[in-house]
Amino acid sequence: MSYMLPHLHNGWQVDQAILSEEDRALVIRFGHDWDPTCMKMDEVLYSIAEKVKNFAVIYLVDITEVPDFNKIYELYDPCTVMFFFRNKHIMIDLGTGNNNKINWTMEDKQEMIDIVETIYRGARKGRGLVVFPKDYSTKYSY
Amino acid sequence: MSKRKVTFGDGDGGELLDEDVPKKKLCEDVVGPGSRFKGKHSLDSDEEDEEEDGDKSSKYNILASDDVEGQEGATIDCDEGVPITPFNLDEEMQEGHFDSEGNYYVKKDEEIRDNWLDNIDWVKIREQPTKRKKKGLAAKRRRRVGDEDEAEEEKQREEKQADSDEEEDMEEEKEPVEDPLASFSQHQLTEAMLELLLPGETVATGLRRLGGLGGRKKGKQREENGKAEETNRDTEKLDRLTALADRLVGSGVFEIYQQTYEKLAYTLKGKSQQQSVGRSLNGEEEDELDMFADKIDEKHSVKAPDKEDQDDETVSDDVMWEYKWDTEENSELYGPFSSQQMQGWVDEGYFKDGVYCRRIEQGSAQFYNSKRLDFDLYT
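Our subject in this report is the structure included herewith. Note that the structure is a prediction, hence the values are computed from the model and not measured.

In this complex, chain B contributes 20 residues to the contact, which on the side of chain A involves 27 residues. With both sides pooled, the region where chain B packs onto chain A buries about 2100 Å², and carbon together with sulfur makes up 43% of that total. Remark: the boundary between chain B and chain A carries eight salt bridges. Asp 374 of chain B is paired through a salt bridge with Arg 127 of chain A; the nearest N and O atoms lie 2.6 Å apart. Across the chain B-chain A interface, the total number found is ten residue pairs in polar contact (both at pLDDT 80 or more). Among the residues forming the side of chain B that touches chain A, the class breakdown is six nonpolar, five polar and nine charged.

Structure representation (structure tokens):
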């Protein structure tokens, strides 16, 4: 479903997207359209895009096409989802130890909506870090 | 009294400290003129209190001009038209003094007088806190040569004031003007704002327009057109808009200056819909009394037309929660409770071990532990 979500093709577009959204949170998926992890993530993101459109907007960025952010955001995973609000990167405590991003596939749509909503509410209140109620420290179930 | 040689950078400046200050040897390097660090750079607490008494007496000793080395009496008066002053402290010594630490204090000049300060009658001012000071001033002002004009001007000003509107009326006018705004709800404030704004502009641009500054930041071409608008300063509307915006910021709408006309109209419409729904439902008592609370829309499970709005998870609604005490399937659900209530209970420690709560809405089925939930986000 990557073709249904808007892509950003260069660093300037990413910057503009982050700067221009005044009211809504930004969800940016960094990865590749052909990567399986990204494909699953894009599926989830697309399914929630309509529901969260009032308070969030979702973009996809190909990290080969746009390598500008690979270093500063440490985009070394196949799929990375980061959140921004009003030109600020919003951190979210998911219990995984990395508060900057989501770098695994989130299967549950409702959880994804909840995450985006928590980000939005927290960011609106001026928080730079929000705590998400669910703990994903055990997400790797063997 | 310890004599410290203050030097000004020449080759002689080797002997900073004399032998009669042996205790301070440890911190020779740092303690110099102007240094505030009087202590020693060691951790021994024994050394702490030894010198304090001695120091206090010598702290504010004034530096004698002879103590300063390297001063010159006079030098060439003029170097190619530039007047040269000799390198000494004579002038500074006249106007103030140095203390032993090298700090300079200017002498308080008794001769500088301020006519205005002298002529204030403080008693009169205290008696009339609400009335303007000027009245007391002008009445009491002693006329001096050169001050006559000013005093006359003031008297004229006051006569004009007395004629046009009496002071008492002015005071009373001020209060009632502010009162109506104070009693406006956010809704009414926004409504009043809309009347003053033009479509397509934000509150900030509206203020700029009413203030008459025109297109300052725009391109050169527009400047020429904008100049015609500059003189159009509508102070009354400007004041009103400023007051309204200020009230809204005070009541928590911090982004008001960036809100556009359309945005305000949209939020108004949304709120008036909610209000009409809330009223018909006898919405929660708290919200009816609290004029700044967002109205709950409880109808989204009942009324079909409103359902569309609510599906889009609007963030301005009051969020209700239900909870249960453990994770079993058939535990009893308590609720619905508002976020404020939940937050209050969490703060009191009522849910010591955490309860499992979830939002009341169609979507969520998952229960979250209240320990990790921040209800503050939803208030």
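Structure shown, so let's carry the discussion forward.
Now for the packing of aromatic side chains. Here the distance between the centres and the angle between the planes together describe a pair of aromatic rings. Tallied over the entire structure, the rule returns 22 aromatic pairs over all chains. Between Phe 132 of chain A and Tyr 136 of chain A the ring centres are 6.2 Å apart and the planes differ by 15 degrees, which places this aromatic pair in the stacked class. You can call Tyr 136 of chain A buried: its relative accessible area is 6%. Measuring from centroid to centroid gives 4.8 Å for Phe 337 of chain B and Trp 345 of chain B, while their planes differ by 80 degrees, and the two rings are edge-to-face. Through a chain of ring-to-ring contacts, the aromatic side chains of Tyr 323, Trp 325, Tyr 334, Phe 337, Trp 345, Tyr 350 and Phe 351 of chain B assemble into a single cluster. Its guanidinium or amino end placed over the ring of Phe 367 of chain B, Lys 324 of chain B lies 4.2 Å from that ring's centre, counting from NZ or CZ.

With that settled, consider the pattern of salt bridges. Taken as a whole, this structure holds 16 salt bridges over all chains when the rule is applied. Among the ionic pairs, Glu 111 of chain A bridges to Lys 134 of chain A, the shortest N-O distance being 2.8 Å. Taken together, the residues span a long stretch of sequence, with Glu 111 of chain A in helix α3 (residues 109-124) and Lys 134 of chain A in the segment after β6 (129-131) at a distance of 23 residues. Note on Glu 111 of chain A: relative accessible area 5%, which makes it buried. Here Lys 134 of chain A falls in the partly exposed class, since its relative accessible area comes to 25%. Asp 376 of chain B serves as the salt-bridge partner of Arg 127 of chain A, at 2.7 Å between the closest nitrogen and oxygen.

Parameters and conventions
Residues numbered from 1 in each chain as written. Chains lettered and ligands numbered in written order. Predicted model: local features only at pLDDT ≥ 70, side-chain atom pairs only at ≥ 80, totals over all residues. Heavy atoms only, no water. Contact = heavy atoms within 4.5 Å. Buried area = accessible area lost by both parts, 1.4 Å probe. Salt bridge = Lys/Arg side-chain N within 4 Å of Asp/Glu carboxyl O. Polar contact = N/O pair within 3.5 Å; in protein donor to acceptor, adjacent residues only side chain to side chain. Nonpolar A, V, L, I, M, F, W, Y, C, P; charged D, E, K, R; others polar. Phe/Tyr/Trp six-rings, centres within 6.5 Å; stacked < 30°, edge-to-face > 60°. Buried < 20%, exposed > 50% of the residue type's maximum accessible area, 1.4 Å probe, protein only. Lys NZ or Arg CZ within 6 Å of the ring centre and 35° of its normal. Helix = DSSP H or I, 4+ residues; strand = E, 2+ residues; numbered from the N terminus.

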